[in-house]
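An overview of the molecular structure
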Amino acid sequence: MWLFILIYILGLNISQAAGVENSTQMYYVKLLIEESAIGNITDLLRPFVNDTNVHVDDLQKTTACENISDSNECSCEPRYRWSDTLCESKQKCCGDGKCTFTKTSPLMCVANTTATVTGTISVPSTYSNCLNEKTTPEFKACNNKLLEEMKKVYSTISGFVSLTISSYRLGSVIATFEMTVAYDLSPKVLVEKSNELAAKLQGCLILETSGVVRLTMPTNPVLYESKHTLTCSVNEALGGKPVWQLLRDKELFTISTGSDATLSPDETVAELKKISELWAGEYTCFYQQKSNESRIIHKASAVMDVCLLPNIKITSIPSFPHCEKDKDLLNLRVECQIKSSNETYNVTWTKQGISADLREKTEGNIYAVETFINCKSAEKKPQVRCTFVNRCNQTRNSSIDINIINEKDQFCKAEGDWEVTKAGFTAVLKCKDAAGIRERKCIKGTDKGKWKDPVESCVNRKVNDVLEKAVIVDIGLGSLDENAARVFLDLEKVTDKSKTINTFYNVNASVQVLLTLSEKQQLRPNKTSAEAFLNSSSNLLDRSLSESWANSTHNDGDNSSLAERYLSSVERIIQVADIQDIPQQKKKKKNIEVDSYNCSEWTNCTNKVFGVTVDLKDREPGSVKTAGFKELEKYLPNSDKEFEPNSIIVSTTTEREPSDEVEVTLNFVLHRPRPPNVEIKCVAWDNNSRGWSETGCEWKGEGVCVCRHLSSFAILMSKFPLDIPGIDKVTYAVLAISVVSLVLSLAIELTVWVAVVKTSTLYLRHTAHVNISLCLLVADLCFLASSRPKDISPLWCKTVVVLKHFCYLAMFFWMFCLSATLLHQAVFPFHSVSKKNYLKFALVVGYVCPLLIVTITFLANQGGAEGYYYSRETCWLVYTRLWVGSIHTFVLPVGVIVFINIFSMMVVILKLVDRIKVVEASRDKEKTASMTVLRSVIFLTPVFGVTWIFGFAVMLLDLTAGPIAYVVNYIFTLLNGLQGLFILLTTCLGDKLTRDALVSRLNSRAPASIADSSTKLDSALKK
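Quantities reported herein were computed from a predicted structural model and do not represent experimental measurements.

In terms of helices and strands, the protein carries 21 helices and 46 strands. Across the 1023 residues of the protein, 48% fall into the buried class. A fraction of 66% describes how many contacts in the protein between residues 6 or more apart in sequence connect residues 24 or more apart. When the accessible surface of the protein is summed, it comes to about 51400 Å², and 53% of that surface belongs to carbon and sulfur atoms.

All right, on to the sheet that holds strand S12 (residues 213-216) then. Within the open sheet, the 4 strands sit side by side as S12-S13-S17-S16. Their pairing is antiparallel. Whereas interior strands pair on both sides, the edge strands pair on one side only; in this sheet they are S12 and strand S16 (261-263). The average angle at which neighbouring strand axes cross in this sheet is 15°, direction not considered. Here S12 runs beside strand S13 (residues 228-234); their pairing, made up of 4 bridges, is antiparallel. Note that in S13 the partner of Arg214 across the bridge is Ser233.

It is worth spelling out the packing of helix H5 (residues 461-471) against helix H7 (residues 504-518) at this point. With their axes 9 Å apart at the nearest point, H5 and H7 run at an angle of 20° to one another. The orientation of H5 relative to H7 falls into the category roughly parallel. In the packing of H5 onto H7, the handedness of the crossing is left-handed. Mapping the contact onto sequence places Val463, Val466, Leu467, Ala470 and Val471 in H5 and Asn506, Ala509, Ser510, Gln512, Val513, Thr516 and Leu517 in H7. Split into classes, the residues belonging to the contact of H5 with H7 amount to 8 nonpolar, 4 polar and no charged.

Looking at where Arg438 falls in the secondary structure, it is placed in strand S30 (residues 437-443). Among the residues examined, Arg438 registers a relative accessible area of 11% and is labelled buried. If we ignore the near neighbours within four places in the chain, the residues touching Arg438 are Asp417, Trp418, Ala427, Val428, Leu429, Lys430, Cys431, Lys432, Val455, Glu456 and Cys458.

The next point concerns the side chain of Ser651. Considering the arrangement of structural elements, one finds Ser651 in strand S38 (residues 649-654). Polar side-chain contacts of Ser651 include one of 2.7 Å to the side chain of Glu571. In this structure, Ser651 is in contact with Glu571, Lys625, Thr626, Ala627, Phe629, Ser711 and Ser712, ignoring residues within four places of it in sequence.

Take unusual backbone geometry next. Across the junction of Asn220 and Pro221, the peptide omega takes the value -10°, indicating a cis bond. Assignment of secondary structure puts Pro221 in the loop between S12 and S13. Cis peptide bonds are those with omega within 30 degrees of zero, and the linkage from Ile317 to Pro318 qualifies with 0°. By the element assignment, Pro318 lies in the loop between strand S20 (313-317) and strand S21 (329-337).

Attention now goes to the packing of aromatic side chains. This structure, assessed with the given rule, holds 25 aromatic pairs. Ring centres of Tyr367 and Phe388 lie 5.1 Å apart, and the angle between their planes is 90°; on these two criteria the pair is classed as edge-to-face. With Tyr367 in strand S24 (residues 366-374) and Phe388 in strand S25 (residues 383-389), the pair connects residues that are 21 residues apart, well separated along the chain. In terms of burial, Tyr367 and Phe388 fall into one category: buried. Seen in terms of ring centroids, Trp876 and Phe890 are 5.5 Å apart; in terms of plane orientation they differ by 80°. Their pairing is edge-to-face.

We now examine the confidence of the model for the protein. Do not read the fine detail of predicted coordinates wherever pLDDT is low. Considering every residue of the protein, the mean pLDDT works out to 84; 87% of them sit at 70 or more. By mean pLDDT, the top-scoring element of the protein is S25 (95), and the lowest-scoring one is helix H21 (residues 1017-1022) (38). Low pLDDT, under 50, characterises residues 1005-1023; the predicted model gives this stretch 42 contacts beyond four residues in sequence or across chains.

The next thing to look at is the packing of H5 against helix H6 (residues 480-495). Two elements in contact, H5 and H6, have axes whose closest approach is 10 Å; the angle formed by their N-to-C orientations is 165°. Between H5 and H6, the angle is such that the two are roughly antiparallel. Remark: the crossing between H5 and H6 carries left-handed chirality. Contact residues: H5 offers Lys462, Val463, Val466, Lys469 and Ala470, while H6 offers Val487, Asp490, Leu491 and Val494.

Now for the environment of Ser651. On the basis of relative accessibility, which here comes to 4%, the residue Ser651 falls in the buried class. For the pair Ser651 and Gly628, spaced 23 residues apart in sequence, the C-alpha to C-alpha distance is 6.4 Å.

In this section: the state of the cysteines. All told, the structure shown has 13 disulfides when counted by the stated rule. Here Cys431 pairs with Cys458 through a disulfide, and the sulfurs are 1.9 Å apart. The sign of the -85° torsion about the S-S bond sets the Cys431-Cys458 disulfide as left-handed. Taken together, the residues span a long stretch of sequence, with Cys431 in the loop between strand S29 (425-430) and S30 and Cys458 in the loop between strand S32 (455-456) and H5 at a distance of 27 residues. Taken as a pair, Cys431 and Cys458 share a single burial class, namely buried. No disulfide involves Cys775; its sulfur sits 5.7 Å from the nearest other cysteine sulfur, which is in Cys807.

With that settled, consider the nonpolar core. Within the largest apolar cluster, 55 residues are counted, with the highest numbers of intra-cluster contacts made by Ile772, Tyr808, Met811, Phe812, Trp814, Phe890 and Trp948. The element that contributes the greatest number of residues to this core is helix H13 (residues 794-827), accounting for 13 residues. Discounting residues that sit within four places of it in the chain, Tyr808 has contacts with Leu776, Ala779, Asp780, Phe783, Trp876, Phe890 and Trp948. Among the nonpolar cores identified, the runner-up in size contains 53 residues, and Leu467, Leu541, Ala563 and Trp692 belong to it.

It is worth spelling out the sheet that holds S24 at this point. Pairing within the open sheet is antiparallel, and its 4 strands lie in the order S20-S21-S24-S23. Of all the strands in the sheet, the pair left with one neighbour each is S20 and strand S23 (359-363). With strand direction ignored, the average angle separating the axes of adjacent strands in the sheet is 25°. Bridge count for S20 against S21 is 5 bridges, and the pairing is antiparallel.

Quick look at the pattern of salt bridges now. Counted under the stated rule, the structure contains 27 salt bridges. In this structure, Arg333 engages Glu335 in a salt bridge whose closest nitrogen and oxygen atoms are separated by 2.7 Å. Among the residues examined, Glu335 registers a relative accessible area of 15% and is labelled buried. For the salt bridge of Arg543 with Glu631, the shortest nitrogen-to-oxygen distance reads 2.8 Å. Here Arg543, found in the loop between helix H8 (527-540) and helix H9 (546-549), pairs with Glu631, found in the loop between strand S36 (622-629) and strand S37 (643-645); they are 88 residues apart in sequence, far enough to count as distant. Taking the relative accessible area as the measure of exposure, Arg543 reaches 57% and is therefore exposed. We classify Glu631 as buried; its relative accessible area is 7%. Each of the salt bridges in this network shares a partner with another, and the network as a whole consists of Glu149, Lys152 and Lys200.

The subject of this paragraph is the environment of Lys325. Here Lys325 is to be found in the loop between S20 and S21. With 83 residues separating them in the primary sequence, Lys325 and Lys408 have C-alpha atoms 9.9 Å apart.

Attention shifts here to the environment of Trp692. Tracing the chain through its elements places Trp692 in strand S41 (residues 691-693). You can call Trp692 buried: its relative accessible area is 14%. Put simply, Trp692 and Pro637 are 55 residues apart on the chain and 8.5 Å apart in space, counted from C-alpha to C-alpha.

This paragraph deals with the pairing of strand S33 (residues 592-599). Of all 8 residues making up S33, 6 are buried, and the element is well covered by its neighbours. With 8 bridges connecting them, S33 and S36 associate as antiparallel partners. Directly across from Tyr597, in S36, lies its bridge partner Val624.

Pairing of strand S8 (residues 115-123) with strand S10 (residues 173-181) involves 9 bridges; the strand directions are antiparallel. Of the residues in S10, the one forming a bridge with Val123 is Val173.

Turning our eyes to something else, we now look at H6. Between its first and last C-alpha, H6 extends 22 Å over 16 residues, near the 22 Å set by a 1.5 Å rise per residue. All of the buried residues in H6 are Leu480, Asn483, Ala484, Ala485, Val487, Phe488, Leu491, Val494 and Thr495. Residues of H6 that are buried make contact with H5, H7, H8 and helix H10 (562-576).

Calculation criteria
Here, residues in each chain are numbered from 1, in the same order as that chain's written sequence. Thresholds applied to this predicted model are a pLDDT of at least 70 for local features of residues and 80 or more for the giving and counting of side-chain atom pairs; totals over whole chains, interfaces and linings are not thresholded and use all residues. With hydrogens and water stripped out, all remaining heavy atoms of the structure feed into the side-chain values. Segments assigned H or I by DSSP are reported as helices when at least four residues long, segments assigned E as strands when at least two residues long, and all are numbered from the N terminus. For each residue, the accessible area found with a 1.4 Å probe, counting protein chains only, is set against the maximum for its type, and the residue is called buried under 20%, exposed over 50%, and partly exposed in between. Contact criterion: two residues are considered in contact whenever any of their non-hydrogen atoms come within 4.5 Å of each other. Computed with a 1.4 Å probe, the accessible areas rest on the Shrake-Rupley method; for each residue, only the protein chains presented here act as cover. Any two strands with at least two DSSP-identified bridges between them are counted as paired. Note on geometry: axes are lines fitted to C-alpha atoms, helical ones only across the stretch in contact, with angles between N-to-C directions running from 0 to 180 degrees. The cut-offs work like this: below 35 degrees is roughly parallel, past 145 is roughly antiparallel, 65 to 115 is roughly perpendicular, and the gaps in between are oblique. Should the near helix be turned anticlockwise from the far one by less than a right angle, the crossing is left-handed, and should it be turned clockwise, the crossing is right-handed. Throughout this entry, Asp, Glu, Lys and Arg are counted as charged residues, while Ala, Val, Leu, Ile, Met, Phe, Trp, Tyr, Cys and Pro are counted as nonpolar. The remaining residues, Gly among them, count as polar. A 3.5 Å cut-off defines polar contacts: any pair of N or O atoms within that distance qualifies, except that in protein one atom must be a possible hydrogen donor and the other a possible acceptor, and neighbouring residues in sequence count only when both atoms are side-chain atoms. Ring pairs shown here join Phe, Tyr and Trp side chains whose ring centres sit within 6.5 Å, with only the six-membered ring taken for Trp; geometry is labelled stacked below 30 degrees between planes, edge-to-face above 60, and tilted in between. Each residue carries a pLDDT score, the predictor's own confidence in it, on a scale running from 0 to 100. Cysteine sulfurs are considered disulfide-paired once they come within 2.5 Å of each other. Only buried residues count toward a nonpolar core, which is a set of Ala, Val, Leu, Ile, Met, Phe, Trp, Tyr and Cys residues joined through side-chain atoms within 4.5 Å. Salt bridges are identified by distance alone: a Lys or Arg side-chain nitrogen within 4 Å of an Asp or Glu carboxyl oxygen. The length a helix should cover is 1.5 Å for every residue beyond the first.

Take a look at the structure:
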């Protein structure tokens, strides 16, 4: 006997709801007949339905069932299939294949074109009674009225089966309903009827159809990493393109073209190139039709079941079985661990070099075998392999070699978590509460193994999850930009607390996220994701992570440093990100600041980040973006050992390719002020040489750089001042001469003191000469003693600085005493000063004043602290820049004294010239006056310290200024280094009275008569 389920359409001459058009109604018939009667079934049924008001339009067979024992085996007729509801509950009953049911089951096939329409309609408040209890008469009347109005319209659709209202809710009055249409449902007709109904009821409809769109899927289950095509088709053009979605683990993804999926130009075909567990789930394709009165979604769904293959982690316990003396058999356990999944695997085990049986033990996701090893009978290295077979008969295996520690083998003893390990091998442990592994190598020693330091490549699980998401942002599951936005937000969260990522491997993984996203060509971060990107990028440069950036070169085939990868990835993302719409304050992060400007042709485009002003000139740059990076300059590799970064890194990019005439002017804020004579370089990062390069960049003074290309820019400053060639040798030579000359000067003064010091004037002059020579001698000796600052202790360095500071000042103050004496004699020739008063004045000025200056300076600079009072590198006072540094407590007094001395010398010279004009004949006036001026200048310059004027020029002229600065330094060194020699020549050997007294003393004769000597100014100056 055969059981047939039939469907037929009745055309009602009197429509269901008394509408204008005739309605249709579907009826299903379940018929049990003999096989011989199948051919006449249509003719046999017609008499049962003929009626004056009702007639059969069509009669079709849908399902054929055959009795088998106590059940029915049913199959669908051509152009019919099992319903979606049945397919979801019983996956074997999908499509049109055979399916077995109980004899009482009412299930039947539906037409391939059967459509279901579900939706809501918003109706006016006149239907408010529909919100009452269902048992009330008011509800029934309202419900029937609304149902009647809806059927008047929808029952006229060809193939109409049924329409039911399931519920009502507030929001005006919203009714939820479901309608079934057996035959091809025309979307155009549905739109027309829906608009008609909406106008009639003054409502709005939101509909969703199932059956209008057909989704063609591969047969389940599909092979792992296989390739399949999905097709979304319709009989009638719906306008626009379909939307593809995948629901997996309660997460909804929009399918787009990516690395693992490709959509056809009209997006009706989706090609999946490499199906994995990521592509398993429920697929949906749908079209949308909108009008003022209705919104209709035409939808089709199907499930893809994927046969999975696991990632296997195989380990042995113990990792290195130890064959000790009198111990032949060793227990061994081998585990194959996989991630949890719904796949059912058939696991098989094989062995080599092991004679004992393998006893299987399964505990959740850990598949294991237990056996034992015979130390004496093991001829070759034992090996165990596990093989996983999925439902599609695909296999994946993993094997492990059992490295046995024999009795004579070296090994490392167990230490903490590290178990006994054979020498020459590496012990491996899982990271605790983190992704990754810990490794520790055991190396061979003289008689036993030795442990190396452990290496932990552990990554915070949250950071690892973000990295895994970043890898798959463009496979086609979701929009690239939306996926990237979620990754940026997640990265912002995990990097916000630096303590949780304060290891190299965590920072490395975080940078890898940025690098992975930057390599996506179609990436265009929007305002929200760009802000999250800036926050996470800034977090990674937090100063607390500085140790994590160290030793950042990794060994995975890419020799670039962590900082290089960070810089290149952040630059690329900034270039394509939408940062112009971000409020200015939100562009300023703790360690990253960005600025942008839309530029027209050949205009100055100015951006400013962290106080660094960047001006760009180019033909048509378009949008110019500038980014400043704090801390990053410390981490980028720098092969120049003599220079170090002294600014933040500033990167500039343009929307369009820069021309050959591009010019970028950067005004940097220096981390540290440039010390005198220290060279500065303007550099740009060169990706080819992987280092800083001066090519195309020029330093314009202090922090100003001009570059003629785009890159990442910075300022490098020399660690050491510029050297003056040969200056040290010249200094040592002239100081040696000066020291010898000063010793001779003092010796001569002591020798002739009694003979020459006969008047107050001579006493005052020679007293000043002795003290000047003594102070200069001590200062020069201290200078020589500290000529190699690195070779002396800090205490000795500080001591000689104090001595030099005091002695040089004392020398100048004694020079001031001498010039004051001569000026007094020149202005007041008939007024004499007593020796006692002069000595008091000279001692106070010559020693007390310098002592006060040195003491105050010492105490004011943190008690003579290094870097404040003195420099350890030079063993001299600190000069930072003009008007900054302890050197000014020496320079300012010396400058004032030299100025006064020059003034005194000019007054003395003028007085001498006036006296000569009175006493000399007129024809010899000019010659005599010139000789007197020349002689006075020569004799007074050394003892008045006039040559130190070149010292001021040395301070003002930086060695970076060019050759003129070097010339001034040589002149200063020669003139002031030989000051002792000049004093010897002018005050001793150049003075006739001293010279005669010295010659007389050497010849053992009586001292020369000094009767002719007088206190006249002329005589005094000649001496």
